[in-house]
Amino acid sequence: MAINIKFVGALRHIAGKSKKVTIDNNNCIANFTVNDLIQKTITDIPEIKADIITQQTNGATKLNVLILVNDREISVLNGIDTVLSNGDEVVFIPVVHGG
């Protein structure tokens, strides 16, 4: 199974990757989810971790990015538990906070 990842904006620079990256998931579990992809991404590119997730004091994980699967934001799917399929495109978009 191949999953295409696209990093947008500053994430592309931080990741040091081209516009698109293909992850070969042949050795991964069935029902590979967005959460599994996040974990694989931060394992492969540790310097991007803080820009993708933040660990909360209560142990929960907070996303610092918008994530699209095939042009649909994961909140309208099954969140980080969205199961990915061969050929899916996952886009990580940085969220800019101001105030």
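Rules used throughout
Residues numbered from 1 in each chain as written. Predicted model: local features only at pLDDT ≥ 70, side-chain atom pairs only at ≥ 80, totals over all residues. Heavy atoms only, no water. Buried < 20%, exposed > 50% of the residue type's maximum accessible area, 1.4 Å probe, protein only. Helix = DSSP H or I, 4+ residues; strand = E, 2+ residues; numbered from the N terminus. Pairing = 2+ DSSP bridges. Salt bridge = Lys/Arg side-chain N within 4 Å of Asp/Glu carboxyl O. Polar contact = N/O pair within 3.5 Å; in protein donor to acceptor, adjacent residues only side chain to side chain. Contact = heavy atoms within 4.5 Å.

**Regarding the pairing of strand 5 (residues 65-69)**
Stage number 1. Most of strand 5 sits inside the fold, with four of its five residues counted as buried.
Stage number 2. Both strand 5 and strand 7 (residues 89-94) contribute to a ladder of five bridges, which runs antiparallel. Within strand 7, the position partnered with V65 by the bridge is P94.
Stage number 3. Note that strand 5 and strand 6 (residues 72-73) share two bridges and pair antiparallel. By the bridge assignment, L68 is partnered in strand 6 with E73.
Stage number 4. Connecting strand 5 to the next strand, strand 6, in antiparallel fashion are two residues, including N70 with a positive phi near 50°.

**Regarding the pattern of salt bridges**
Stage number 1. According to the stated counting rule, one finds one salt bridge in the structure shown.
Stage number 2. Between K40 and D44 there is a salt bridge, with its nearest N and O atoms 3.2 Å apart. Taken together, the residues span about one helical turn, with K40 and D44 both in helix 2 (residues 34-44) at a distance of four residues.

**Details of the pairing of strand 7**
Stage number 1. With four bridges joining them, strand 1 (residues 2-7) and strand 7 adopt parallel strand pairing. Its bridge partner being in strand 7, F7 is matched across the sheet by F92.

**Thoughts on the side chain of D88**
Stage number 1. Looking at the element boundaries, D88 is found in the loop between strand 6 and strand 7.
Stage number 2. Of the polar contacts made by the side chain of D88, one reaches the backbone nitrogen of S85; its length is 2.6 Å.
Stage number 3. Leaving out residues up to four positions away in the same chain, D88 has contacts with A2, I3, N4, V69, N70 and V83.

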